[in-house]
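# Topology and contacts: notes
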Amino acid sequence: MKHRLAVLACALTVTATTAVTAVSASAATRPDPEPRVVAHLDLSRGQTPENIALTPDGTAVVTFAAARQVAIIDPEGATRILATLPAPADGGVHTPVLGFPLTSGIVRAHDGTLYFLYATGTSDLTGLWRMRPGGTPHRITALPADSLPNGLALDEHHGRLYMADSALGEIYTVRTSGGPATTWSAAPELASTGFIGVNGLKLHQGALWASNLDQGTLVRIPFGPDGRPGHAQVRATGLQGIDDFAFTGRGDQILAAIDGPNKVVRVEQDGSSSTVLTGADGLQNPTSIAVRRGTAYIPSAAYQTATHPNLMVLPGVGPMGNSGHAPHDHGGR
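All values reported here derive from a predicted model rather than from experimental measurement. (Residues numbered from 1 in each chain as written. Predicted model: local features only at pLDDT ≥ 70, side-chain atom pairs only at ≥ 80, totals over all residues. Heavy atoms only, no water.)

## Considering the overall build of the protein chain
Looking only at helices and strands, one finds one helix and 24 strands in the protein chain. Sorting the 333 residues of the protein chain into buried and exposed places 60% on the buried side. Considering only contacts in the protein chain between residues 6 or more positions apart, those separated by 24 or more positions represent 50%. (Helix = DSSP H or I, 4+ residues; strand = E, 2+ residues; numbered from the N terminus. Buried < 20%, exposed > 50% of the residue type's maximum accessible area, 1.4 Å probe, protein only. Contact = heavy atoms within 4.5 Å.)

## Let's talk about the nonpolar core
If you look at the biggest cluster of nonpolar residues, it comprises 16 residues, and the most contacted ones within it are Tyr162, Ile171, Leu201 and Leu208. Of all elements in the fold, only β11 (160–165), β14 (198–204), β15 (207–212) and β16 (217–222) reach the threshold of two or more residues within this core. Counting residues per element, this core draws most heavily on β14, at three residues. Counting residues in each nonpolar core, the second largest holds 15 residues, with Val38, Ala60, Val62 and Tyr297 among its members. (Core = buried A, V, L, I, M, F, W, Y, C linked by side-chain atoms within 4.5 Å.)

## Some remarks on the packing of aromatic side chains
In this description, an aromatic ring pair is defined by two values, namely the gap between the centres and the angle between the planes. Across all of its chains, the model carries six aromatic pairs by this definition. When the ring of Tyr118 is compared with that of Trp129, the centres are 6.0 Å apart and the planes differ by 75°; the resulting orientation is edge-to-face. In this pair, Tyr118 is assigned in strand β7 (residues 114–119) and Trp129 in strand β8 (residues 127–131), connecting sequence segments 11 residues apart. Tyr118 gets classed as buried once you look at its relative accessible area, which sits at 0%. Overall, the relative accessible area of 6% leaves Trp129 in the buried class. Feature note: the residues Tyr162, Trp184 and Phe223 constitute an aromatic cluster, connected by ring pairs. One residue, Lys202, lies across the ring of Phe245, its end atom 5.4 Å from the ring centre. (Phe/Tyr/Trp six-rings, centres within 6.5 Å; stacked < 30°, edge-to-face > 60°. Lys NZ or Arg CZ within 6 Å of the ring centre and 35° of its normal.)

## As for the pattern of salt bridges
Inspection of the entire model under this criterion finds three salt bridges. Note that Lys202 is salt-bridged to Asp244, the shortest N-O span being 3.0 Å. Taken together, the residues span a long stretch of sequence, with Lys202 in strand β14 and Asp244 in strand β18 (residues 242–247) at a distance of 42 residues. Residue Lys202 is classed as partly exposed on the basis of its relative accessible area of 22%. According to the relative accessible area criterion, Asp244 is buried, its value standing at 2%. For the salt bridge of Arg235 with Asp252, the shortest nitrogen-to-oxygen distance reads 3.6 Å. (Salt bridge = Lys/Arg side-chain N within 4 Å of Asp/Glu carboxyl O.)

## Comments concerning the environment of Ile254
By the element assignment, Ile254 lies in strand β19 (residues 254–258). For the pair Ile254 and Val265, spaced 11 residues apart in sequence, the C-alpha to C-alpha distance is 8.2 Å. Setting aside its immediate chain neighbours within four residues, Ile254 contacts Trp209, Leu218, Phe245, Ala246, Phe247, Thr248, Val265, Arg266 and Val267.

Written out as structure tokens, the structure is:
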């Protein structure tokens, strides 16, 4: 496990930390009230939270990237494993970019069904998986063995899912019932420059938004009248190391997890950004963000710091009425 984390930490250091260095807490735009860590996780057991979805009561459902697991973390910080995915026969050594199996993006439907992504470098396991409440996980969509499925977005209103391929620089789409995926967009703005390209995905007010870790950008791709992608628009730059992100509920304002540089930034509608949290607040390489009722939930995987992965909450980031399932989060097309 330490070797696997070291491989990822090295890559993050080369591609992200050299581009953007972490700033001191005094330079951060300090929110009020203060952030707090609600769950301390176990690095030795591969509890490196990669992505997050929320239940109505504020329970976090997370993927543990290095452990091939889906878990829940309740509001008191207790952790319970829901599922462990099968290991590839070769150990995942051919997983693109990383060389180990990666459990990545996760979303939750209103009925509690979970959809999540798994990359193994093998054709028998890589793809989109589904787990219904009380059930067991199974793959419903196969993706190419040389893909690295990462961010995931659910348009529940139209019964579709969107999947980011960080290795091949594409966004796929598929029905929530499963079946073959098709390429929705392969715009140049999604491509990597050597490590990880398109990463996080979010649906917001008639568009699919994406982050690009290598290019350090946030990209907005509007939906056409037939659901096809419009022209990709770069909405923010200078965010090298950006992982996943979330809308705060204040228009197009975004909170973004900047992994290697170990900070969370607020991105305004005009593309300007300011630091909100740093390692001094307890961050350990944040990977993703979810917002519900004005509170941000921020998992840290400790890929580079290699110490104290955790789940942090930050109140006061958006309107208290923001439930995390606002109508615009289902595509609006």
